[in-house]
Amino acid sequence: MATGIIKVAPPPEDKNLFQLAYGYASTIFSGMWKTLTIFVNQITGREKTNTLEWPEQPATYSDRFKGKHFLTRRDDGQVRCTACFLCATACPAECIHIVAGQHPTNEIEKFPIRFEIDILRCVFCGFCEEACPVDAIRLGPEYAMAGAAGDNWVYTKDYLADRGQLHGGVVSVKDENTKHFTVDHNPHGDDLLATDAPHMRHH
Amino acid sequence: MSTETVTFNLNDRDITVPKGTTVMEAAHKHDVYIPHFCWHPGLSIAGVCRFCLVKVDNRPKLEIACNLQATPGMKVSTLLPEVKEAHKWALEFHLVNHPLDCPICDQAGECKLQDFYMEVGKYKSEMDRPKVLKPKALDVGSDLVLDTERCILCDRCVRFEQEVTKTGALGIFNRGDRAVVGTYPDKKIEHNYQDNLVDICPVGAFTSRDFRFKQRVWFLKDQPAVCPGCSTGCHVKVYAKPQVRTYFRVKPQESEVNGHWMCDVGRKTYKHLNQDQRLRFAVAEDGKGGRKRVSVAEAIASLAVQLRGVSASDIALLVSPQYTCEEYDALFSFFVKKLGVSKVFQWREPTESLDAFDGLLYRGDHNPNTLGLSEALAKVGLAKEVKNGFDDLARSGAKVVVALAPEIEFQFPSLPAQLQKLSELAFVSVWATAGSAYNVKGLRHLVPLKGFAEKKGTFRNFQGKVGELSKPFPAAVDEAKDVVEVVTALAEVWAHA
Amino acid sequence: MAEQKPKIILQTEGLPDQHSLKTYVEKVNGYTAVRKVLGGMSREQVIEEVKQAGLRGRGGAGFLTGLKWSFVPKDITGPKYLICNNDESEPGTFKDRYLCITNPHQVIEGMVIAAYAIGANKGYIYTRWEYQEEIGYLENAIKEAYAAGLLGKNLFGSGFDFDLDHYTGAGAYICGEETGLISSLEGKKGQPKVKPPFPAVSGYLGRPTIVNNTETLANVPWIINNGAKAFRQFGTEKSPGTKLFSISGALNKPGVYEVPLGYPFASLLNIEAGGMQAGRTLKALIPGGASAPVLTPAECEGLTMDFEAMAQRNTMLGSGAVMVIDDRQSLAELLKVTIEFFAHESCGQCTPCREGTGWLNNIMDGIMERSAKPDNIERLRTVARNMGGKTICALSDACAMPVMSYVQKFSGELQAYLAAGSGGHSK
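Fair warning: this is a prediction, and the values are worked out from it, not measured in the lab.

Undergrad: Describe in detail the overall build of chain A, supporting the description with residues and values.
TA: On a plain count of helices and strands, chain A comes out with four helices and five strands. Of the contacts made within chain A by residues no fewer than 6 positions apart, 68% connect residues no fewer than 24 positions apart. When the accessible surface of chain A is summed, it comes to about 14400 Å², and 58% of that surface belongs to carbon and sulfur atoms.

Spelled out as structure tokens, the structure:
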């Protein structure tokens, strides 16, 4: 008797035709019975389905969900973005295209004339949000982005900062007084996980 | 005459240098990097940034390497912990009042403060008080923007103005941490070497207005080239973003010909290479008196047909001295040697003053290869017969003219008129980089050419020195070819017809 | 009654018309030393005499004067310059101005001798602009000297020419630094120059230049007249001779006093200066101007006024500006004023000083506003420690050393100013 060999199943016995047919039929029948009972239970409301009846019922994701991008605003309504190109550099899909320009006021100095995201190339990794030093771009909770072939798949600055769902725009949380920072602040500490950024909910 | 030398020890390496060399110069030549801001090989010693501190023998205080003459047997170290600690604090002091402008500053990516921050390693600043504020984004010259808050007062720009251009237009005003660099009241910088200030400024205090906000420098690739703006032939680097086929700027490269500098005129020599300025496709006659877009091969074929239809004495060449020696050799070996053409004319600007010289680098001959052209002509025995000017061309009675247009248009005010004149000839084939050739409706045979940064070749400057175009970018325009390629294809067609 | 103190420098003090040429010549053997020098001494002999006397610079650095003179290259042609550094800007120092009013001719005579020693035919007295009255005395003295043939061409028939001009500064402390002074004299911004090359080799207009303090030059005639050995009778072995001390504070008789080096501080305080005013006690002592580290009363026990004793206590004799701080004075305020001075006066050339003095001032502002945290006080020390030893001139060290001494010895006073609730307590 060889050691270490575990007998798992009895050797297949020879079965006659009736036994084989019974085997197939019984398993088919029990599967179908399962389907039927669940179907009847759920359709009569005795059992709750996992199906979410979207769009009448909203699907909600966690606070950290990475959906459609939006550009934040300053207190006076202008985009927070200073066209530093860090998001364009960090983007692994190279889908962010920015044209920078001279701002009329010297306090701001640089701003994006054009800020475009080719959303078909975007992989929603969120690197742009992480790279931005001034909290100008965030990936929000909107996930319904399907469209038709002829649609515009390049999101422009106005769309990113100003579309209807943003309800007037989101103000950046970055302290505008960038000339003053305290030594105690640890940029690589636990702050990264916590967020008190305001969110928008779809609908 | 023997130059005395001195041997000293730098970081456990014995180095021999001519007597009087400073430790900084010695390190620069022997690829030992000593961090510094205010020292520049083309300017006098200032010794103000106090960054290049090194440990010498057993002296108690650290010394600055830029003002330290090498003496025999001296032992210098840049790697001791004491030296590294000194570098950390030198960086800390530089950053104490420096604004957090990196996102909006053009110098990001090539900024010495950023570079040292990563190298020197004092990552946590101890400054937690309000910083000193100074005027920003000032207009101080036709191509300069000055941000006095970013300035680290290294004094390079002041010394440049005093020593190189001898205009003294910059000074440092006020004392202590209120010190600001600036021009004298109501005065601006108005010479032809402004962008060198942008080059030497280690931070984003002086930035180029032309390049302002156009592109982040880490997206740019640079290749060495020779400036085609004038016969000095400064060695340069051309910066482009090849993925979008766009050129952004030209900067000087240190060489014997131009030292560390170049003039502002040469800085504009990237603009004509961009697609919006280019001739983008070949054009040939459509048989109905007009013209149509064709492939380069078709254009060459139709040119061959024209050339066959006349004798050698009816063919003339009009050549601009802006092409490379190799291109001239190819051109003349086909047309002059093979076809027997003897009518060759130079395409020059009638209003040029060849003796003009601004005292530093920019010369009146606005062509990079005048000497190369004369040599190429001499090689095929034509030097004496070359005439300049369109009038001579008109008088020559040529029926088929092949014209190689000047690449750099902005120095050719007569160009539009000249192109118009050309269009009145019987048959002219204009080979050009510039799109303005297309705008003259009467020019019905055009071949697009590559710009200077897109081809290999050599120029000969006014002294005969060879300047090499060795690392071309891919052409910004798909159809563009260089003259060697065009002539080779033409010769092929000629041989097989 | 105090024993008669030696008068080497202030020889005409107290005499009627003390500043005039007449008094100087008739009463105190004025202009005999220069006659002796030009009458037969060689340059080397003059330098040797001053070297033997061990005269040290009286402007603050205390460098051996004779040694400094010997750095001037001897065998070169072309002009050389002698400059008298009368830009007395170290806070607390007012001895040179007193000298200019009392005995200007001794300075001039000293300059002629020094110029002869180094081979200079042109001299300048550089006085700070604020000393308008003193400038008047000096210019008057120069005029008297020229009129009497004591300045100008072929002095005493010796063939030696010496022209002396007065030049006024424009209000910068940094112009008291020798190369800063030279830059100012050249008409440029008064910013110190990188050394090497040293002024003795390449100074004013690129020529060999010696810059000496007013008081130092005033010692020279007496040394020539009486000899190096006589000079060494006074003072200590390493710090021979006498020194002018400008002592100030809540004293009964503040002023300028000439005492031998090595004189006990207690005597200077109680005898010459008449002791502290009624009801006042000594809280701290600044022995050598604002750039000298501060001393506690305990450290003043047995203190003598000479270079070595000061160095032993990690401070400096400096310019001899003795500032007696009494118990009324808040040391935090004193530190603030000191730092503010240096931040204001930094020329701004080199980064550690420019940014460091500004930063110290900034931190001090935070402390004075009571908005600072405890680590700010320690930061004063860190910044000061890293400012020193790395700059073109010593202003950075002049700011850093006192700051470190205040934080080390009087941090309690600074703690009182910290933000409420951060470990400090209100005063």
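Additional details are given in the paragraphs that follow.
Undergrad: An account of the packing of aromatic side chains is requested, with residue identities and associated values reported.
TA: Throughout the structure, instances matching the rule amount to 35 aromatic pairs over all chains. Put simply, the rings of A:W54, A:Y61, A:F65 and A:Y143 pair up and form one aromatic cluster. The positively charged end of A:R163 is found above the aromatic ring belonging to A:Y159, 5.0 Å away from the centroid. Above the face of the C:Y417 ring, C:R370 is positioned so that its terminal group lies 4.6 Å from the ring centre.

Undergrad: Before we move on, could you go through helix α9 (residues 370–379) of chain B and cite the residues and values that matter?
TA: Residues and elements named next belong to chain B. Here α9 has its buried residues at T370, G372, L373, A376 and L377. Looking down the long axis of α9, one finds its buried residues gathered within 165 degrees of arc, a one-sided arrangement. Taken from the residues just after α9, G381 is the one with a positive phi, measuring 75 degrees.

Undergrad: Pulling in residues and values, what's your account of the side chain of B:H272?
TA: Among the secondary structure elements, B:H272 is positioned in the loop between α6 (264–267) and β14 (282–285). Only 2.8 Å separates the side chain of B:H272 from the side chain of B:E407, close enough to count as a polar contact.

Undergrad: Summarise the domain arrangement of chain B; cite the residues concerned and give the values.
TA: Residues and elements named next belong to chain B. What the domain assignment lists for chain B is domain 1 (5–95), domain 2 (123–214) and domain 3 (276–496). Opposite the four residues of domain 2 that make contact, domain 3 presents four residues. Area buried by domain 2 at its contact with domain 3 is led by V164, N192 and Y193, which between them contribute 97% of it. Applying the counting criterion to the domain 2 and domain 3 interface returns zero salt bridges. In terms of residue class, the side of domain 2 that touches domain 3 is built from two nonpolar, two polar and no charged.

Undergrad: Tell me about the sheet that holds strand β3 (residues 163–168) of chain C, and please be specific about residues and values.
TA: Residues and elements named next belong to chain C. What the four strands build is an open sheet, ordered β3-β2-β1-β4; its pairing is parallel. Looking at which strands have only one partner, the edges of the open sheet turn out to be β3 and β4 (209–213). Within the sheet, the average angular offset between the axes of one strand and its neighbour, ignoring direction, is 20 degrees. Of the strand pairs in this sheet, strand β1 (residues 81–86) and β4 are connected by five bridges, and their pairing is parallel. In the sheet register, Y81 faces β4, and the bridge partner there is T209.

Undergrad: Give a description of the interface of chain C and chain B that names residues and reports values.
TA: Counting residues at the interface gives 38 residues for chain C, matched by 31 residues for chain B. Surface buried jointly by chain C and chain B totals about 2800 Å² across both partners, of which 50% is contributed by carbon and sulfur atoms. Connecting chain C to chain B are three salt bridges. Elements with a minimum of two residues in the side of chain C that touches chain B: α13 (331–345), α14 (351–368) and α15 (374–387) of chain C. Residue contributions to the side of chain C that touches chain B peak at eleven residues, all from α14(C). Residues that form the side of chain C that touches chain B fall into these classes: twelve nonpolar, 16 polar and ten charged.

Undergrad: I'd like a rundown of the sheet that holds strand β1 (residues 5–10) of chain B, residues and numbers included.
TA: All names here are of chain B. Strand order in the open sheet made by the five strands is β2-β1-β5-β3-β4, with mixed pairing throughout. In this open sheet, the two strands that pair with only one neighbour each are β2 (13–18) and β4 (63–64). As paired strands, strand β3 (residues 53–56) and strand β5 (residues 75–77) are joined by two bridges and run antiparallel to one another. Residue V56 lies in a different strand from β5, and its bridge partner there is V76. Its contacts with the sheet put helix α2 (residues 81–95) on β3 and β5, and the angle it makes with β3 is roughly 160 degrees.

Undergrad: Requested: an account of the nonpolar core, with residues and values cited.
TA: In terms of nonpolar packing, the biggest core is built from 91 residues, with B:F8, B:L197, B:F206 and B:Y247 touching the most fellow members. Ignoring any residue separated from it by four or fewer positions in sequence, one finds B:F8 in contact with B:R13, B:D14, B:I15, B:V17, B:V23, B:A26, B:A70, B:T71, B:G73, B:M74 and B:V76. Residues C:W69, C:L82, C:I118 and C:W222 belong to the second largest nonpolar core, which totals 57 residues.

Undergrad: Hey, could you go over unusual backbone geometry for me, with residue numbers and the actual values?
TA: Residues and elements named next belong to chain C. Residue P196 is reached from K195 by a cis peptide bond, and omega for that bond is 5 degrees. Following the sequence through the fold, P196 ends up in the loop between α8 (178–185) and β4. Across the junction of P196 and P197, the peptide omega takes the value 5 degrees, indicating a cis bond. Along the chain, P197 falls in the loop between α8 and β4. Of note, D17 is a non-glycine position whose phi angle comes to about 55 degrees, a positive value. Along the polypeptide, D17 turns up in the segment before α1 (21–28). Residue N314 is not a glycine yet carries a positive backbone phi of 55 degrees. On the accessibility criterion, N314 (62% relative accessible area) is exposed.

Undergrad: Let's hear about the pairing of strand β10 (residues 321–326) of chain C: which residues, and what values?
TA: Residues and elements named next belong to chain C. Of all six residues in β10, six are buried; the element is thus mostly enclosed. In β10, alternate side chains face the same way, and those of A321, M323 and I325 on one face and V322, V324 and D326 on the other are all buried. As defined by bridge partners, strand β5 (residues 242–249) adjoins β10 across four bridges and the pair is classed as parallel. When the bridges of β10 are listed, I247 appears paired with V322.

Criteria and cut-off values
Residues numbered from 1 in each chain as written. Chains lettered and ligands numbered in written order. Predicted model: local features only at pLDDT ≥ 70, side-chain atom pairs only at ≥ 80, totals over all residues. Heavy atoms only, no water. Helix = DSSP H or I, 4+ residues; strand = E, 2+ residues; numbered from the N terminus. Contact = heavy atoms within 4.5 Å. Areas by Shrake-Rupley, 256 points an atom, 1.4 Å probe, with all protein chains shown as cover. Phe/Tyr/Trp six-rings, centres within 6.5 Å; stacked < 30°, edge-to-face > 60°. Lys NZ or Arg CZ within 6 Å of the ring centre and 35° of its normal. Buried < 20%, exposed > 50% of the residue type's maximum accessible area, 1.4 Å probe, protein only. Arc of directions from axis to C-beta. Polar contact = N/O pair within 3.5 Å; in protein donor to acceptor, adjacent residues only side chain to side chain. Domains from an automatic or database assignment. Buried area = accessible area lost by both parts, 1.4 Å probe. Salt bridge = Lys/Arg side-chain N within 4 Å of Asp/Glu carboxyl O. Nonpolar A, V, L, I, M, F, W, Y, C, P; charged D, E, K, R; others polar. Pairing = 2+ DSSP bridges. Axes fitted to C-alpha atoms, helices over the stretch in contact; angles between N-to-C directions. Core = buried A, V, L, I, M, F, W, Y, C linked by side-chain atoms within 4.5 Å.

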